[in-house]
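Tertiary structure, described
Residue-level listing of the chains:
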Amino acid sequence: MSQQSVNAIKVLGVDAINKAKSGHPGVVMGAAPMAYSLFAKHLRVNPKKTDWINRDRFVLSAGHGSMLLYSLLHLSGFEDVSLEEVKNFRQWGSKTPGHPEFGHTKGVDATTGPLGQGISTAVGMALAERYLAAKYNKEGYELFDHYTYVICGDGDIMEGVASEAASFAAVQKLNKLVVLYDSNDICLDGETRDAFSENVRNRYEAYGWNTLLVEDGADVEAVNVAIEKAKQSDKPTLIEVKTIIGAGSPNKQGTNGVHGAPLGDEETALFRKEIGWNYEPFEIPEEVYADFKVNVADRGETANNEWEKLYNEYKEKFPELAAELEEVLSREDIKHLSKESFSFKNVGEVQATRNSSQDAINSIAKVLPTFFGGSADLSHSNMTFIKGEGLQDDAHRTERNIQFGVREFAMATVLNGMMLHGGVRVFGGTFFVFSDYLKAALRLSALQNLPVTYVFTHDSIAVGEDGPTHEPIEHLASLRTIPNTYVFRPADATETQAAWYLAQNVNDKPTSIVLTRQNLPVLENSSFEKVAKGAYVVYETSSDFDTILIATGSEVALAISVAQELEKEGMKVRVVSMPSIELFEEQTSEYKEALLPRSIRRRVSLEMGNTALWYKYVGLDGLAIGIDKFGASAPANKVIEEYGFSVEKVVARIKNEL
């Protein structure tokens, strides 16, 4: 039966790709045996309850081979992937898009496709499982006891982020992470040896992984035995499975010709003959469905039911822990966080917003039980350390500080994986200029609706002596163009507390909080509550104002000083603090008009960064004061002065240009 089921996976994938005239059949045909072995013999999932928290997680890191996953989900009985949806592969509105999308198709545990990110995301899933197990499991009540499985390909292994994450996983000894490496020696452009020559198992052993080899990837039982061995290890495991890409295609197997193009009718007919498949396109024998029902669906449902019984007993024996757990899983723990949870500075006190952020992090940590995170080797510079807690590792599984090392990209993928797993709230920090290193993962945070909080410090040319390599210019504009994200650049300690509070209340998108190294004064009219509007009036002396200054972050205090000077020249100025453009855009048209009346054309934006996006608010006849060239190395005050961000120079520009 196993061979017929393996062939069904292959043919279903080939048929769907042929019908779509687009897709990647090679991985489906080559990896079908290992995928069947994993699903039928190991993976614990319940197609009837796809969000069961103790299910095993499966990440198809080689996301271009999405029809492998869709074939498995369909045959296993996941309702979202009906035969009709398989036939609609890669079509508008289908549940079977070109690459797997979390939240779009039930049964898909992670959005994959950007190579390297799937395996790296899985590291975060394994980390979350271990943390929750250590925090909530009790003797005899193993509520969290599941594995994270990955199928990856040569392309994933080549990507640098996979190496970053693999190294981190080894340090953390994430032994419930099992990676099946589809090693077929072919990539899109040809043979992998043209670009990729190392012994991958030796490399992973050097990281600290357990490694195994399956020499014949078509041997379902050999894969089964390898997975069993992996589950006995005290380390994460890489199983190299030697396969033939496009196995069964007489003319294309073993070549890059089967990587990213349909087989076509003629080659498909030869393929069907080669494997002895005598059914019409999309016709699957009932015995195949029966095989998957018994070995995947029924087995998973039984495991789910046994877990539910265990959980009900747990609730009776540990009612307080169970109540807390239910809150964190549903994210209803947020009801315990309020404005009163935070500490505030007095008007006129000065504090760098990175330090204000540190205060907020520690305030939140006292209230939200599974709130934790870390930094890419910068926690004492980003101010992301939770006081009173140590570093989380295999020997200290419930500590709430993570040392990600100098691995910005991997850090972000691990954060994504933890959020995909559920039950935790996480943050990660680095210098703002290095947001470029992790932006591909932040983009996936947004695409997957994951409320990860990113902490970006050293937010402008005020970095000073470190110079242009460390002074962000285009980064605010860049982050603000990513859909489904919030970006906060708070003006003082009050706005910083509000940004953190709002970030924890978000359930469907990531938040970036962009912070200063230099001290900023707490402004007289800054408002915790009004930050939720995205923008609000922070200074105004006359209701019949004729000039609007819009500023963010450290430039808000500057804007107020500029306004006071302009008023001496007879202008009547409103200063608007705009900590979050995205939140402001969500407000009603009435609020926007009241804050930025169309009738007031004399408008100025003030921000130490790229000016491109500000013309939306100042108009073509307004003035966007910013920085559209790289920074320089000198003491911060000198750099700021030379780039025109002094009261005198800003006032002069406004008078001369408007």
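Residues numbered from 1 in each chain as written. Predicted model: local features only at pLDDT ≥ 70, side-chain atom pairs only at ≥ 80, totals over all residues. Heavy atoms only, no water.

- The name recorded for the protein in an unreviewed UniProt entry is Transketolase, from Gemella morbillorum.
- One UniProt comment on the protein, placed under Subunit (unreviewed entry), says "Homodimer." (UniProt positions renumbered as here; feature names shortened; annotations may be inferred.)

1. Observations regarding the overall build of the protein
- The number of helices and strands found in the protein is 24 helices and 20 strands.
- Scaling as 2.2 N^0.38, a compact globule of 658 residues should have a C-alpha radius of gyration of about 26 Å, and the protein matches this with 27 Å.
- Along the longest, intermediate and shortest principal axes, the C-alpha atoms of the protein span 90 × 60 × 45 Å.
- In the protein, buried positions account for 62% of the 658 residues.
- With an accessible surface of roughly 24,800 Å², the protein has 48% of that area assigned to carbon and sulfur atoms.
- Taking the 66 positively charged and 91 negatively charged side chains of the protein as two groups, their mean positions are separated by 3 Å. (Helix = DSSP H or I, 4+ residues; strand = E, 2+ residues; numbered from the N terminus. Rg over C-alpha atoms; globule rule 2.2 N^0.38 Å. Buried < 20%, exposed > 50% of the residue type's maximum accessible area, 1.4 Å probe, protein only. Areas by Shrake-Rupley, 256 points an atom, 1.4 Å probe, with all protein chains shown as cover. Lys, Arg positive; Asp, Glu negative; His and termini not counted. Charge placed at Lys NZ, Arg CZ, Asp CG, Glu CD.)

2. Topic: the UniProt feature "coiled-coil region" (unreviewed entry) in the protein
- The feature "coiled-coil region" (unreviewed entry), as annotated in UniProt, sits at residues 297–331 in this numbering.
- Secondary structure over residues 297–331 splits into 94% helix and 0% strand, and the C-alpha atoms at its two ends are 28 Å apart.

3. Describing the pattern of salt bridges
- Applying the stated rule across the entire model yields 35 salt bridges.
- Linking Arg-480 and Glu-607 is a salt bridge whose minimum nitrogen-to-oxygen distance equals 2.8 Å. With Arg-480 in helix H17 (residues 475–480) and Glu-607 in the loop between strand E19 (603–606) and helix H22 (615–618), this pair connects stretches of sequence that are 127 residues apart.
- Note that Arg-489 and Glu-555 form a salt bridge whose closest N and O atoms lie 2.5 Å from each other. Of this pair, Arg-489 sits in the loop between strand E13 (486–488) and helix H18 (493–505) while Glu-555 sits in helix H19 (residues 555–568), placing them 66 residues apart in sequence. Across the pair, Glu-555 and Arg-489 agree in class, each one buried.
- Shared partners join several salt bridges into a network, and the residues in it are Asp-185, Arg-201, Glu-240 and Lys-242. (Salt bridge = Lys/Arg side-chain N within 4 Å of Asp/Glu carboxyl O.)

4. Brief notes about the UniProt feature "site: Important for catalytic activity" (unreviewed entry) in the protein
- According to UniProt, the "site: Important for catalytic activity" (unreviewed entry) feature falls on His-24 and His-259. These annotated residues cover 236 residues of sequence, and their C-alpha atoms all fall within 5.5 Å of one another, placing them together at a single site.
- Classification of His-24 by relative accessible area gives buried; the value is 15%.
- The contacts of His-24, once residues within four sequence positions are left out, are Ile-17, His-64, Gly-65, Arg-90, His-259 and Gly-260.
- By the element assignment, His-259 lies in the loop between strand E7 (237–242) and helix H10 (264–275).
- Here His-259 is in contact with Gly-23, His-24, Pro-25, Gly-26, His-64, Leu-188 and Ile-245, once residues within four sequence places are set aside. (Contact = heavy atoms within 4.5 Å.)

5. A few points about the side chain of Ser-445
- Residue placement: Ser-445 occurs in helix H16 (residues 435–447).
- On the accessibility criterion, Ser-445 (0% relative accessible area) is buried.

6. Points about helix H9 (residues 220–230)
- Those residues of H9 lying buried are Val-220, Val-223, Asn-224, Ala-226, Ile-227 and Ala-230. Buried residues in H9, looked at end-on, bunch into an arc of 165°, giving them a common side.
- Packing partners of the buried residues in H9 comprise helix H1 (2–20), helix H2 (25–41), strand E2 (148–153), strand E3 (177–183), strand E6 (210–214) and E7.
- Of the residues flanking the start of H9, the one acting as N-cap is Asp-219, its side-chain oxygen 3.2 Å from the backbone nitrogen of Glu-221. (Arc of directions from axis to C-beta. Polar contact = N/O pair within 3.5 Å; in protein donor to acceptor, adjacent residues only side chain to side chain.)

7. Considering the packing of aromatic side chains
- The final tally for this structure, using the stated rule, is 30 aromatic pairs.
- For the ring pair Tyr-147 and Tyr-149, a centre distance of 5.9 Å and an interplane angle of 25° mean the geometry is stacked.
- Classification of Tyr-147 as buried rests on a relative accessible area of 16%.
- Seen in terms of ring centroids, Phe-432 and Phe-456 are 5.7 Å apart; in terms of plane orientation they differ by 35°. Their pairing is tilted. Highlighted residues: Phe-432 in the loop between strand E11 (425–431) and H16 and Phe-456 in strand E12 (residues 453–457), separated in sequence by 24 residues. Comparing Phe-432 with Phe-456, the two get one shared label, buried.
- An aromatic cluster is built from Trp-52, Tyr-141, Trp-307, Tyr-311, Tyr-314 and Phe-318, whose rings are joined through pairwise contacts.
- Directly above the ring of Tyr-147 sits Lys-176, whose terminal nitrogen or CZ lies 5.7 Å from the centroid.
- The ring centre of Tyr-147 lies 5.4 Å from the NZ or CZ of Lys-231, which sits over that ring. (Phe/Tyr/Trp six-rings, centres within 6.5 Å; stacked < 30°, edge-to-face > 60°. Lys NZ or Arg CZ within 6 Å of the ring centre and 35° of its normal.)

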